[in-house]
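Chain by chain, the residues run as shown.
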Amino acid sequence: MDLFEYQGKQYFARYDIPVSKGDVAVTVDQAVAAAEAAGYPVVVKAQVQVGGRGKAGGIKLANNADEVRTHAGNILGMDIKGHVVKRVWVENASDIDEEYYASFTLDRAAKKHLLMLSREGGVEIEEVAVTNPDAILMLHIDPVDGLSAAAAKKAAIDAKIPEKAQQGVADILVKLYRCFVEGDCDLAEINPLILKPTGEVHALDAKVSLDANADFRHPEWEEFKATEELDAREQLAREKGLQYIGLDGTVGIIANGAGLAMSTLDVVNQVGGTAANFLDIGGGANADLMASALDVINSDQNVKSIFINIFGGITRGEEVAKGIVEAMGRVDLRAPIVIRLDGTNAEEGREILKNAGIPESKLTSKPTMLEAAEAAVALAK
Amino acid sequence: MAIFVDQNTKVIVQGLTGGQGKYHGLRNKAYGTQVVAGVTPGKGGTDVEGIPVYNSVAEAVAATGATASFVTVPPKAASAAILEAAGAGITFIVCITEGIPAQDEARTYNTLVRDFPKVRLLGPNCPGIISPGKCNIGITAGEIAELPSAKGPNVGIVSRSGTLTYQALYELKQRGIGVSTCVGIGGDPVPGTSFIDCLREFQADPETHAIIMIGEIGGSAEEEAAEFIKANVTKPMSAYIAGVTAPAGKKMGHAGAIVSGGKGTAQGKMDALSAAGVKVGNNPTEAGSLMAEIVAGLR
C-alpha cells in the first residue's frame, strides 16, 4: 500500500523524524486555515501518487492567504497524469541549503536491508544512479543486527555528506530505519532530505510503501486504507475478498493461483487478445467464490468474453464445475464463458458442465489453455 | 535418488491439529510420506488419526527421530515455529504459510543463516516439495506427479509459482515423463531456498537428467539463476516465465510478483535464461513440449 506524501509525513512523525509543520486540506478554506496554522510562507502541494507534480504546476509557494486561496483553488481538482488531485498538503516553507537522499528497502537478491544514501538529493535517484553512481552509498544491513548509531554516522561520512550535516543525517537514518522495520515498510524514502541554514536536517518529502502482510499488527493503518485509490471494480473485488487488478482489455479472466492467472493474461495476449483484469480466486474455487468473481467481471462494461482457467490440484474438477453451474444460476452474465478445466478429476468436471443444460452460446469448454484462449479472444472481437 | 527428501525422510507437522494442517498432513501421509508426529503447544499427548501430537518440536524429534518439518501455522506464529524447528534439530523445514510480513521473513532467514547454517528452509508461501513415489510435504496433489522411471530420463522441476508448479507436473505427466523431485520455492520476497539451491542439487542428482524452471515477474532470482546455469549446469533445461503482460507497479497476487522501476520484467528474465542455453517457452505447455523434445533426445 503506497501512502500519499502527507500520510508518509504523518507516519514519519510517529518515529520522531522531523517534518515541516503543516496539514492536509480538501477545500480552499481548509488550505487557508492550514497555512495560517503553519505560518507563512507556505508550500501548497498536490497529493497524488505520481511523479512530476512540480512540473505539472502541482506545487506552489504562497506568501499570504490570498495566494494560498489562488493556488489551492487551481491545484484541487487538477489532473496530473490521469490522477485527479483531491487533497493538498500545506506546510511551512523551508529554507534549503543542501538536498540529500536517503531510503531503506529490502534487497531481495542479498536478502538484507539496503540503505541508499546520497549527497545529491532532490532529483530522481534513478537518474543519479545512471549519471553519477559513485554519488550513492549502498549499504547492506543484516536484519538481525539492525542499524547502530555508529554505523549510521559512518554511512553519512562514507556518503560524503558535509561534516556540519553528518550528525543530523545519522540521527535521521536511525529513526528512518526504525520506521522501516517497526513500521513494516517495503520502502521508506526521503527525497530531499534537507539541510537548513540553521543546521537542522529535515525530511522535506516522504515516500512510504507499506507491507500489506503486516496489516494485522498495525491498527493505525485503517485511516490509510480509506484514502486508497481503487477503481470501482477493484473496490467491489476487495469487498468480496478477491485478488483483482483492473486492466483495459475485453477478455475477463478468472484463474486459480497468481502464477496461473498471470500466465492466462500472457496466453490471451499471445493469441491476439487483451485481458480486462487479473483475478486470482485462490485454491478453493467454490460456488461462492466463483459467483463473487463472476459478479466483479460482470460489472466491467468492457468485458466481451470471460475466460475461466482452472487447474485442479487439491481442488477437484467436479467441485469447480458445480461451483460454476451454481454461480451461473445466481449471476446474470452479459458475456459468454470459455472454460478450461484441467488437473485432478477434470473429466468428471467437464461432464457436469456438459450436462448442466447451459447453452453453448453461454458456456464452452476447451481442453487446453491455448485453445480456450483462442476461443475467448474470438468471442471478444 | 531425489533431492532434499526421499522415502526415508521422517516428517513432523507443526500445526497438525489445525484445519489446513490436518488436511494436508493426512494427505501427505496417505501418499506414503513418513509423517511421524504433529506439534501443537498444549495438545501434547493427543493424536490426529493415529499420528501422535507433541507440545514441542524438541519432544517430537526426541520421540521420533524426525529430520523434516512441515510448518502450517498462521502468519503471526510462523517465524517462531520455523526457529523452534531449527533449534530442535530439524534440518529441512517446509513452510507453506502465506502472508508473513517481509520484515519477519528477512529476520528469520538471516537468523537461520547465522545460527543454524545447516538448516534448509523451503518457502514460506510455497506449495512444498514432492519426490514422486517417495515423499510429499506440502499441498501438492500427489496424483498429478509422474513417478520417475528406473532407467530415466527423469526431470526435476523448480518453480516460484504455486499453480504453475502443478501445471508443470501435469505437462510432464501427460507426456509420460518421470519426475525426480518437484520443488515449489514460493513467490515471497525472501524465500529460504532459491532457484540456485535447487539447480545445484538437481545438477548433482544422478536420477535427474533434465530440469524445468518456472519463474515469474519481480525480483532478480531468475537472472541470478541464469548466471548460475551458464557456469554450473550441464543438464538440459526448459523454462517458462509468467507475467509478460503484467503492467508495471501492480502486485500480481503475491508479494513477489511486481515489476517496479523497469526491473523484474518477464522479457529480461527470458532473455537471460535463453542466453544461458535454456529453452524458453512462451507458455507452460510450450515449456512442456520443449522438455519433451529434450527428453526424446536423451532417450
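Residues numbered from 1 in each chain as written. Chains lettered and ligands numbered in written order. Predicted model: local features only at pLDDT ≥ 70, side-chain atom pairs only at ≥ 80, totals over all residues. Heavy atoms only, no water.

Q: Describe in detail the overall build of chain A, supporting the description with residues and values.
A: Scanning chain A from N- to C-terminus turns up 13 helices and 18 strands. Overall size of chain A, expressed as C-alpha extent along the three principal axes, is 80 × 50 × 40 Å. For chain A, the proportion of contacts with a sequence separation of at least 24, taken over those separated by at least 6, is 71%. Accessible surface, chain A as shown: approximately 15,800 Å² in total, 49% of it carbon and sulfur. Here chain A contributes 39 positive and 58 negative side-chain charges, whose respective centroids are spaced 1 Å apart. (Helix = DSSP H or I, 4+ residues; strand = E, 2+ residues; numbered from the N terminus. Contact = heavy atoms within 4.5 Å. Areas by Shrake-Rupley, 256 points an atom, 1.4 Å probe, with all protein chains shown as cover. Lys, Arg positive; Asp, Glu negative; His and termini not counted. Charge placed at Lys NZ, Arg CZ, Asp CG, Glu CD.)

Q: Describe the UniProt feature "domain: CoA-binding" (unreviewed entry) in chain B, with residues and values.
A: Taking the numbering used here, the UniProt-annotated feature "domain: CoA-binding" (unreviewed entry) corresponds to residues 4-100 of chain B. Along residues 4-100 of chain B, the helical share is 35% and the strand share 26%, with 24 Å between the first and last C-alpha atoms. (UniProt positions renumbered as here; feature names shortened; annotations may be inferred.)

Q: Would you mind going over the packing of helix 5 (residues 149-158) of chain A against helix 6 (residues 163-182) of chain A in detail, with residue names and values included?
A: Residue and element names in this part refer to chain A. The contact between helix 5 and helix 6 brings their axes to 8 Å, and the two run at 130°. One finds that helix 5 runs oblique with respect to helix 6. The hand of the helix 5/helix 6 crossing is right-handed. Packed against helix 5, whose contacting residues are Ala149, Ala152, Lys153, Ala155, Ala156 and Ile157, the element helix 6 presents Gln166, Gln167, Val169, Ala170, Leu173 and Val174 at the interface. (Axes fitted to C-alpha atoms, helices over the stretch in contact; angles between N-to-C directions. Parallel < 35°, antiparallel > 145°, perpendicular 65-115°, else oblique. Left-handed = near helix turned anticlockwise from the far one by under 90°.)

Q: Describe the packing of aromatic side chains, and please don't skip the residues or the numbers.
A: Residues and elements named next belong to chain A. By the definition in use, this model includes 8 aromatic pairs over all chains. Taking 6.3 Å as the distance between ring centres and 45° as the angle between the ring planes, the aromatic pair formed by tyrosine 177 and phenylalanine 180 counts as tilted. Linking tyrosine 177 with phenylalanine 180, this pair stays in helix 6, spanning 3 residues, or about one helical turn. Tyrosine 177 sits in the buried class, given a relative accessible area of 8%. Overall, the relative accessible area of 1% leaves phenylalanine 180 in the buried class. Grouped by ring-pair contacts, the aromatic residues Tyr11, Tyr15 and Phe224 constitute a single cluster. Taking NZ or CZ as reference, arginine 87 lies 5.4 Å from the ring centre of phenylalanine 4, over its face. (Phe/Tyr/Trp six-rings, centres within 6.5 Å; stacked < 30°, edge-to-face > 60°. Buried < 20%, exposed > 50% of the residue type's maximum accessible area, 1.4 Å probe, protein only. Lys NZ or Arg CZ within 6 Å of the ring centre and 35° of its normal.)

Q: Explain the interface of chain A and chain B residue by residue, including any values.
A: Taken residue by residue, the interface counts 46 residues in chain A and 55 residues in chain B. Across the chain A to chain B interface the summed buried area is about 4,100 Å²; carbon plus sulfur atoms make up 56%. Our count for the chain A to chain B interface comes out at 3 salt bridges. For aspartate 145 of chain A, the salt bridge is made with arginine 114 of chain B, and the minimal N-O distance between the two is 2.9 Å. Connecting chain A to chain B are 20 residue pairs in polar contact (both at pLDDT 80 or more). When residues of the side of chain A that touches chain B are assigned to their parent elements, the largest contribution, 10 residues, is made by helix 9 (residues 258-270) of chain A. (Buried area = accessible area lost by both parts, 1.4 Å probe. Salt bridge = Lys/Arg side-chain N within 4 Å of Asp/Glu carboxyl O. Polar contact = N/O pair within 3.5 Å; in protein donor to acceptor, adjacent residues only side chain to side chain.)

Q: Explain the nonpolar core to me, and be specific about the residues and the numbers.
A: Core analysis: the largest hydrophobic core is formed by 96 residues, its most contacted members being Phe307 of chain A together with Ile137, Leu199, Met213, Ile229, Met252 and Leu273 of chain B. With sequence-adjacent residues up to four places away left out, isoleucine 137 of chain B is seen in contact with Val5, Val11, Asn28, Ala68, Phe70, Val94, Pro127, Gly128 and Ile129 of chain B. Formed by 42 residues, the second largest nonpolar core is a distinct cluster that contains Tyr11, Phe104, Leu193 and Val208 of chain A. (Core = buried A, V, L, I, M, F, W, Y, C linked by side-chain atoms within 4.5 Å.)

Q: Please give an account of the pattern of salt bridges that cites residues and values.
A: Residue and element names in this part refer to chain A. Enumeration over the complete set of coordinates arrives at 33 salt bridges over all chains. One salt bridge in this structure joins arginine 330 and glutamate 326, with 3.1 Å as the shortest N-O distance. Separated by 4 residues within a single helix, arginine 330 and glutamate 326 lie in helix 11 (residues 317-330), roughly one turn from each other. Members of the salt-bridge network, linked through shared partners, are Glu5, Lys9, Lys45, Arg53, Glu91 and Asp205.

Q: Outline empty space enclosed by the protein, supporting the account with residue identities and numerical values.
A: Empty space left among the atoms is revealed by rolling a probe the size of a water molecule over them. Residues and elements named next belong to chain B. With the rule as written, the count across this model stands at 1 cavity of 30 Å³ or more. Of the voids in this model, the largest cavity is the one considered here, and its volume is about 60 Å³. As for the largest cavity, its lining consists of Ser79, Ile82, Ile100, Asp104, Glu105, Thr108, Tyr109, Leu121, Pro124 and Val190. Of all the elements in the fold, those that place two or more residues in the lining of the largest cavity are helix 3 (75-87) and helix 4 (102-115). Residues of the lining of the largest cavity, tallied by class, amount to 6 nonpolar, 2 polar and 2 charged. (1 Å grid on protein atoms, 1.4 Å probe; cavity = no way out; pocket = protein on both sides within 12 Å on 5 of 7 lines; lining within 4 Å. Points joined across faces, edges and corners; volume = space filled by probe spheres on them. Nonpolar A, V, L, I, M, F, W, Y, C, P; charged D, E, K, R; others polar.)

Q: Go over the sheet that holds strand 2 (residues 42-46) of chain A with me, naming the residues and quoting the values.
A: Residue and element names in this part refer to chain A. Taken in spatial order, the 4 strands of this open sheet run 1-6-2-3, and their pairing is antiparallel. Each end of this open sheet is capped by a strand with a single partner; those strands are strand 1 (22-25) and strand 3 (59-62). Along the sheet, successive strands turn relative to each other by an average axial angle of 20°, direction set aside. Here helix 2 (residues 28-38) sits on the sheet and contacts strand 1, strand 2 and strand 6 (88-92); the angle it forms with strand 6, its principal contact strand, is near 20°. Packed on one face of the sheet, helix 3 (residues 65-75) meets strand 2, strand 3 and strand 6 and runs near 165° to strand 3. (Pairing = 2+ DSSP bridges.)

Q: Mind laying out the pairing of strand 7 (residues 98-107) of chain A, listing which residues take part and the relevant values?
A: Along a regular strand, successive side chains alternate from one face of the sheet to the other. Residues and elements named next belong to chain A. In terms of burial, strand 7 is largely enclosed, as 7 of its 10 residues are buried. Strand direction decides the pairing type here: strand 7 and strand 10 (residues 185-195), joined by 7 bridges, are antiparallel. When the sheet's bridge partners are listed, glutamate 99 is paired in strand 10 with isoleucine 194. As paired elements, strand 7 and strand 8 (residues 112-118) share 7 bridges and run antiparallel to each other. Residue serine 103 lies in a different strand from strand 8, and its bridge partner there is methionine 116. Joining the antiparallel neighbours strand 7 and strand 8 is a turn of 4 residues, in which lysine 111 adopts a positive phi near 60°.

Q: Give a description of the environment of leucine 114 of chain A that names residues and reports values.
A: Residue and element names in this part refer to chain A. Tracing the backbone shows leucine 114 in strand 8. For the pair leucine 114 and threonine 131, spaced 17 residues apart in the sequence, the C-alpha separation amounts to 21 Å. Leaving out residues up to four positions away in the same chain, leucine 114 has contacts with Ser103, Phe104, Thr105, Asp107, Met138, Leu139 and His140.

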